[in-house]
Every structure is written in structure tokens, then in C-alpha cells.
Amino acid sequence: MRALIFAAGLGTRMRPLTDRTPKPLLPVGDKPLIVWHLEKLSALGVREVVINTAHLGAQFPPALGDGTRWGLRIHYAHEGDTPLETGGGMLHALPHLGDAPFLVVNGDVWTDFDFARLPASPRDLAHLVLVDNPPFHPAGDFRLDAEGRMHEEGEPRLTFAGIGLYRPQLLDDWRRVIGDEDGAAMQPPRFALAPLLRAAMREGRIDGQHHVGRWTDVGTPERLRALDAMLRS
């Protein structure tokens, strides 16, 4: 299996820390945030990882190299100064990811979720990991039913953890779903992944699982400090 780490965000909520350092390279515990993911992917048996970059993207290769130290081969998919968002970023990275299902993780989350708990492949188009709603996102994102299917409506709702398995076919119909949204006509196109996921949920084609362990979206300096303190203790 191959993996994609989303690392192209601007990190605006983390300023001034991200004025000079991309958020996934900020240290937490005793290593950059993204390295926690690289270690877990290596332990899972992943050997090829794509990291999409934009903001301060030139810092990633010197910091991480070619992945050899983790037994990985890292490909960098640079998107320019303006990120292509999650959908455009995934589409841009597809040439490195191949035709088989691939694992995706947001570069700005930390979790104790064991990637080995993911299925070998999605039952349909995607399989997402959900967590309990954190205080900074109390409304949640999606509903997970008893059969493991995900829905955009209904209660109770859980929060998307930024971790999932995807089939590249999820992107096959992106132009119809995205329509004339700003960025769709760019080359390469810029668009969000969420509309594709919601459209597939309405067709019953997205599965999920609930992780009840530790997870945080490292979206503010305060959360970064709290996570750093927890890991060091």
C-alpha cells in the first residue's frame, strides 16, 4: 500500500509559528509532527509515501530526505505557492499513488490510532476514521451507522479524523460534482475533497470506523503546546 500525507496547508491559524516553518514540520514531543506519521506508516509496511507541499514546500526535502531513514521512499508533489486543497491535491498526487487503494492522513493531526486497524482495502470508494467531537468542533461532521456506512445527515455525529483509505475512482467524477466552483478550471485544478465524499455518501459508498483513543487537530499554537506537553510527560 502507498500513502499520501497532506502537508500543503498555509497554517494561517498557527501564525506566527508557520511564517517560517510549515505546520507539519513544527516539533511536537521530540520530532516534527509529520515524522510521527512516517514512523507509523513504516511500521505498517508502507514503503512509498507521497507528501504534497505548497507553503514553504522547499523545507520538506532537506528535513525529511528521501525517506530512507524510515525505510520509505518519499515522493514530493509540490503544488506551487497556492495549495490545491484536498481534492485537487489528491488528484495532483495520483500519478505517484497508482491504481490500488491508498492511505491518506492529514499532516496536521496527531493520534494514537493504529493504522493496522484499517481494513486491507475500502469496501467501496473510501473508508474513513472518525473520532468523538472535540471542544473546538462540537457539531461534528458525519454520522456512522451500525453497519459502518457513513452519512452526511443525522445524529449522533462524529468528527472526521483526517485519516482514511481511498480508491482513486473516488475522483473519477470530480468535474460533475465540483461543477464551476472557483479553481475547478485551473491547471492543475483546485477543489475540496469534502463534496466528493458527501456525494458518495448519498449513494451509500463510504464506510467508516470510530476511534475512541487520543486524537487532536493541531490547529492552533495552544493545541500544539498542549500536545507537546502531553507527549513529553
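Before any of the text, the structure's been laid out above.
In this convention, every chain numbers its residues from 1, walking through the sequence in written order. A pLDDT threshold of at least 70 governs which residues receive local features in this predicted model, and a stricter bar of 80 or more applies before side-chain atom pairs are shown or counted, although totals over entire chains, interfaces and linings include all residues. Side-chain calculation: all heavy atoms of the structure are included, whereas hydrogens and water are not.

Describe in detail the overall build of the protein, supporting the description with residues and values.
When helices and strands are counted, the protein shows six helices and 13 strands. Both definitions apply: the radius of gyration is a C-alpha atom measure, and the globule rule equals 2.2 Å times residues to the power 0.38. Its C-alpha atoms give the protein a radius of gyration of 17 Å, within 12% of the compact-globule value 17 Å for 233 residues. Principal-axis analysis of the C-alpha atoms gives the protein an extent of 40 × 40 × 35 Å. Only the protein chains shown count as cover for residues, with accessible areas throughout obtained via the Shrake-Rupley method and a probe of 1.4 Å. Put simply, the protein shows about 10,800 Å² of open surface, and 50% of that area lies on carbon and sulfur atoms. Counted as positive: Lys and Arg. Counted as negative: Asp and Glu, with His and the chain ends omitted from the count. Taken as the charge centre is NZ of Lys, CZ of Arg, CG of Asp or CD of Glu, depending on the residue. Charge centroids of the protein, computed over 26 positive and 30 negative side chains, lie 3 Å from each other. Think of it this way: any DSSP run of H or I at least four residues long counts as a helix, any run of E at least two long counts as a strand, and we number them from the N terminus.

Help me get a handle on the side chain of Glu 152, residues and values and all.
Looking at where Glu 152 falls in the secondary structure, it is placed in the loop between strand 10 (150–151) and strand 11 (157–166). A simple rule labels every residue: compare its accessible area, found with a 1.4 Å probe on the protein chains alone, to the largest value its type can have, and call it buried under 20%, exposed over 50%, or partly exposed in between. Overall, the relative accessible area of 17% leaves Glu 152 in the buried class.

How would you summarise the pattern of salt bridges if you had to cite specific residues and measurements?
Criterion for a salt bridge: a side-chain nitrogen of Lys or Arg within 4 Å of a carboxyl oxygen of Asp or Glu. Taken as a whole and assessed by the stated rule, the structure comprises 12 salt bridges. Across the pair Asp 19 and Arg 15 runs a salt bridge whose closest N-O atoms are separated by 3.7 Å. Residue classification places Asp 19 among the partly exposed residues on the basis of a relative accessible area of 43%. According to the relative accessible area criterion, Arg 15 is partly exposed, its value standing at 47%. Close ionic contact of Arg 232 with Asp 228 constitutes a salt bridge, the shortest N to O distance being 3.0 Å. Residue Arg 232 and its partner Asp 228 are located together in helix 6 (residues 221–232), separated by four residues, close to a single helical turn. Judged by relative accessible area, Arg 232 falls into the exposed class, the value being 58%. The network of salt bridges with common partners includes Asp 30, Lys 31 and Glu 39.

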